[in-house]
Amino acid sequence: VSCVPGSCDVVVVGGGQGGLAAGYYLRRAGLDHVILDAQPQPGGAWRHGWESLRLFSPAEYSPLPGWGMPRQAGEEFPTAGHVVDYLEAYERRYDLPVHRPVRVREVRRAGDRLAVQTGAGTWSARYVISATGTWERPYVPDLPGREEFAGRQLHTVDYASPEEFRGQRVLVVGGGNSAAQILAEVSRIAEATWVTLRPARFMPDDVDGRVLFGVATRKAAGGAGESVSDLGDIVMVPGVRDARDRGVLHSRSMFAGMTERGVRWADGAEQTCDVVIWCTGFRPNLTHLAPLLPGWRQGEVAVEGTRSVDEDRLYLLGYGDWTGAASATLVGAGRTAKATVADIASRLREAP
Ligand code: FAD
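Residues numbered from 1 in each chain as written. Predicted model: local features only at pLDDT ≥ 70, side-chain atom pairs only at ≥ 80, totals over all residues. Heavy atoms only, no water.

Under the annotation held in an unreviewed UniProt entry, the chain carries the name NAD(P)/FAD-dependent oxidoreductase and is attributed to Micromonospora endolithica.

Now for the site of the ligand. By nearness alone, 32 residues border the ligand, and D37, A45, F56, A328 and L330 come closest of all. One nitrogen or oxygen atom from the main chain of Q17 is found 3.0 Å from an oxygen atom belonging to the ligand. Contact between the ligand and Q39: an oxygen atom at 3.4 Å from a side-chain N or O atom of the residue. Expressed as a share of its isolated accessible area of 990 Å², the protein-covered part of the ligand is 91%. Classifying every residue of the shell around the ligand gives 16 nonpolar, 13 polar and three charged. (Near = heavy atom within 4 Å. Polar contact = N/O pair within 3.5 Å; in protein donor to acceptor, adjacent residues only side chain to side chain. Areas by Shrake-Rupley, 256 points an atom, 1.4 Å probe, with all protein chains shown as cover. Nonpolar A, V, L, I, M, F, W, Y, C, P; charged D, E, K, R; others polar.)

Together, D142, E147, E148 and E260 make up a region of like negative charge exposed at the surface. With respect to the helices and strands, the residue E147 is situated in the loop between β6 (121-130) and β7 (152-155). Accessibility expressed as a relative area gives 66% for E147, which makes it exposed. (Patch = residues over 30% accessible without salt bridge, like charges linked within 9 Å, V, L, I, M, F, W, Y side chains within 5 Å. Salt bridge = Lys/Arg side-chain N within 4 Å of Asp/Glu carboxyl O. Lys, Arg positive; Asp, Glu negative; His and termini not counted. Charge placed at Lys NZ, Arg CZ, Asp CG, Glu CD. Helix = DSSP H or I, 4+ residues; strand = E, 2+ residues; numbered from the N terminus. Buried < 20%, exposed > 50% of the residue type's maximum accessible area, 1.4 Å probe, protein only.)

Quick look at the nonpolar core now. Residues I129 and I277 are the most contacted members of the largest nonpolar core, which totals 66 residues. A total of seven residues in this core trace back to one element, the largest contributor, which is helix α7 (residues 330-350). Those residues within four positions of I129 in sequence are excluded, and the remaining contacts are V10, V11, V12, V13, A22, L26, Y315, L317, T340, V341 and I344. Formed by 22 residues, the second largest nonpolar core is a distinct cluster that contains V13, V102, L114 and L292. (Core = buried A, V, L, I, M, F, W, Y, C linked by side-chain atoms within 4.5 Å. Contact = heavy atoms within 4.5 Å.)

All right, on to the confidence of the model for the chain then. Segments scoring low in pLDDT should not have their predicted coordinates read at a detailed level. On average, residues of the chain carry a pLDDT of 93, and 96% of them reach 70 or more. Both scores are available for the predicted complex, with the pTM at 0.94 and the ipTM at 0.96. (pLDDT = per-residue confidence, 0-100.)

Two numbers describe how helix α3 (residues 177-186) lies on helix α6 (residues 238-245): the axes approach to 9 Å, and their chain directions differ by 60°. When the interaxial angle is binned, α3 and α6 end up oblique. Crossing of α3 over α6 shows left-handed handedness. When α3 is examined against α6, the residues A180, Q181 and A184 are found in contact with a partner set consisting of G239, V240 and A243. Here the contact of α3 with α6 is built from residues that sort into four nonpolar, two polar and no charged. (Axes fitted to C-alpha atoms, helices over the stretch in contact; angles between N-to-C directions. Parallel < 35°, antiparallel > 145°, perpendicular 65-115°, else oblique. Left-handed = near helix turned anticlockwise from the far one by under 90°.)

Attention shifts here to the packing of aromatic side chains. One pass over the structure, following the stated rule, counts 14 aromatic pairs. Relative to Y94, the ring of Y24 has its centre 5.0 Å away and its plane inclined at 85°; by these criteria the two rings are edge-to-face. Separated by 70 residues along the polypeptide, Y24 in helix α1 (residues 17-28) and Y94 in the loop between α2 (80-93) and β3 (98-99) bring together distant segments of the chain. Residue class for Y94 comes out buried when judged on its relative accessible area of 10%. Judged by centre distance (6.2 Å) and plane angle (10°), the ring pair of Y159 and F165 falls under stacked. Classification of F165 as buried rests on a relative accessible area of 1%. The ring of W265 carries the charged tip of R252 above its face, separated from the ring centre by 3.7 Å. Over the ring of Y139 we find R283, and its NZ or CZ is 3.8 Å from the ring centre. (Phe/Tyr/Trp six-rings, centres within 6.5 Å; stacked < 30°, edge-to-face > 60°. Lys NZ or Arg CZ within 6 Å of the ring centre and 35° of its normal.)

Right, let's talk about the sheet that holds strand β8 (residues 169-173) for a bit. One open sheet holds the five strands; their spatial order is β7-β14-β8-β9-β10, and the pairing between them is parallel. Whereas interior strands pair on both sides, the edge strands pair on one side only; in this sheet they are β7 and β10 (251-253). The average undirected angle you get between the axes of adjacent strands in this sheet is 25°. Bridging between β8 and strand β9 (residues 191-196) involves five bridges; their strand directions are parallel. Bridging across to β9, R169 finds its partner in E191. Those strands touched by α3 are β8, β9 and β14 (275-278), and its axis lies near 165° from that of β9. (Pairing = 2+ DSSP bridges.)

Moving on to the pattern of salt bridges. Applying the stated criterion across every chain yields a total of 18 salt bridges. Salt-bridge contacts for R152 lead to E164; the nearest nitrogen and oxygen are separated by 2.6 Å. Linking R152 in strand β7 with E164 in the loop between β7 and β8, this pair joins segments that are 12 residues apart in sequence. With its nearest N and O atoms 3.0 Å apart, the salt bridge here joins D233 to R201. One end of the pair, D233, is in the loop between α5 (228-231) and α6; the other, R201, is in the loop between β9 and α4 (209-220), and 32 residues separate them in sequence. Via salt bridges that share partners, D37, E91 and R100 belong to a single interconnected network.

A word on the environment of A192. Along the chain, the position of A192 falls in strand β9. Sequence separation between A192 and C273 is 81 residues; the distance between their C-alpha atoms is 9.3 Å. A192 has contacts with V170, L183, V186 and S187, leaving out every residue within four places of it along the chain.

The structure is reproduced here in structure tokens:
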């Protein structure tokens, strides 16, 4: 059931894995809804990952609700392209009412409804689910001298493959999966230095998406025991294990500032480099919610479950652990989407 600019029970902002998971449950509940996605094609952030990017979990451990991800022939860990194909097929399979490209500019209060303003018109909704991810808000620390650096700087979002850095002196900054995977491939053809804020925490070799799926599921069910973050930060996918075998996985502490030719540590030591790749993460993409959420810019958004405390007709899906354990993963998106739609459905029953 979808609607043209006009009025809907629920508008979902964002048609990546989070928005599609919400769409699955909204459709199953028979709720009048629409999904507005800024991209011309399906796939969300998965369309933009670097060439070698893969899931860190096998296909069968990365299902959206209702229909698991088909295995990719010959690949234990599916490629980003396979995930995009899956999301595209998923939309078709459930005939989800995705309108694209439609960018939501602002969501405002409008009496007993919310006004969802876009370039294609304004939707009036009873409830809004925001699932806009983080990919459009890359984070780079504001260090002294960053503008002076004469070399190349790029964030994970702009990294495609190691080839362009062949033979150069490259600093990879960050302590997560992106940094470890990019360092692993850049170090094969360039002089790479790894820099992290704190010592890197590697998961045990036998922990990949299968185990994370189990741990996150247990935690979400209120189970005791360690959480995913207790296990470490970096999944030892094959490329990262190979880097370890090559003695590459040793990081230096974070530098204090940058110079025209490179970086400088607090003790005055300097290192010349040609390139800095900032694998320093993301911030939730909430710009469109500025009229509703006073703390949006700092990423400090108070929620109860996924429901906003500042505006209780607004739900936030898939932004990371603060919107539910592993909610930014495929399997976690489904779990938090189910709870979100159940909450909206019961409120609509109480006040049709
Ligand atoms: P996105 O995929 O970013 O989709 C958001 C959609 O909203 C986009 O289409 C965007 O265009 C749209 N949008 C944004 N703003 C607006 C607006 N104002 N109006 C309308 N539309 C808008 N997860 C796993 O499950 N397994 C993994 O192995 C895994 N590996 C990862 C590796 C890396 C390097 C990264 C960065 C992430 C990884 N993730 C993994 C996490 C997962 O890829 C992302 O968290 C996921 O893409 C988030 O999905 P989403 O739908 O929340 O957001």
